[in-house]
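Architecture at a glance
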Amino acid sequence: MKQSTLELWVGLFVALGIAALVFLSLQVAGSNATLQGGKTYTVYADFGDIGGLKTKAPVKVSGVVVGRVSAIELNPETYRAKVAIDLADAYRFSSDVSAQILTSGILGEQYIGLQEGGDMDQLQAGDTITLTSSALVLENLIGKFMTGFAEKNAEPQQ
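The structure displayed is predicted, hence computed values, not measured ones.

Turning our eyes to something else, we now look at the overall build of the protein. A tally of regular secondary structure across the protein gives 2 helices and 8 strands. If you list the helices and strands of the protein from N to C, you get α-β-β-β-β-β-β-β-β-α. Carbon and sulfur atoms provide 59% of the accessible area of the protein, an area that totals close to 11200 Å².

Let us look at the environment of Leu-131. Considering the arrangement of structural elements, one finds Leu-131 in strand S8 (residues 131–133). Residue Leu-131 is classed as partly exposed on the basis of its relative accessible area, which comes to 48%.

So, on to the pairing of strand S5 (residues 98–103). Pairing analysis gives 6 bridges linking S5 to strand S6 (residues 110–115), with the strands arranged antiparallel. Following the sheet pairing, Ala-99 is matched in S6 by Leu-114. Strand direction decides the pairing type here: S5 and S8, joined by 3 bridges, are parallel. Note that in S8 the partner of Ala-99 across the bridge is Thr-132.

This next bit is on the packing of aromatic side chains. All chains considered together, the criterion is met by 0 aromatic pairs. The ring centre of Tyr-111 lies 4.6 Å from the NZ or CZ of Lys-60, which sits over that ring.

The rules we used
Residues numbered from 1 in each chain as written. Predicted model: local features only at pLDDT ≥ 70, side-chain atom pairs only at ≥ 80, totals over all residues. Heavy atoms only, no water. Helix = DSSP H or I, 4+ residues; strand = E, 2+ residues; numbered from the N terminus. Areas by Shrake-Rupley, 256 points an atom, 1.4 Å probe, with all protein chains shown as cover. Buried < 20%, exposed > 50% of the residue type's maximum accessible area, 1.4 Å probe, protein only. Pairing = 2+ DSSP bridges. Phe/Tyr/Trp six-rings, centres within 6.5 Å; stacked < 30°, edge-to-face > 60°. Lys NZ or Arg CZ within 6 Å of the ring centre and 35° of its normal.

This is the structure:
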């Protein structure tokens, strides 16, 4: 009798563990739950370099998530990355809002940070954010540092 009770508790514990793993994996995968009641509008931004930005990356203002990246494609005319951003309908920004690609921590995930402008006109669905700053790519910084260091050491000493 004690053996079957122990087996029942172990089975229950394993079942709860599997249910917890399924729940967490669905949360991490980012179900398609929308922001602030579900209504969003899409705007676009062109970047010279998006670094490691991915679709479903957060869009933040002052650290608060106000939207998500819905699509990334290359503009064949300008060869710049065109990023589609779904913003929660509850948040409206001025037409001169600026966007930059930032990183959470030193090697964390990349996200888009919005900085509110001062224009009275509001950003509408389908508009393009024109004031953008590309991602800061760590490899490019290291390359610039190394070439600058090499050039400094190559100069003749006086």
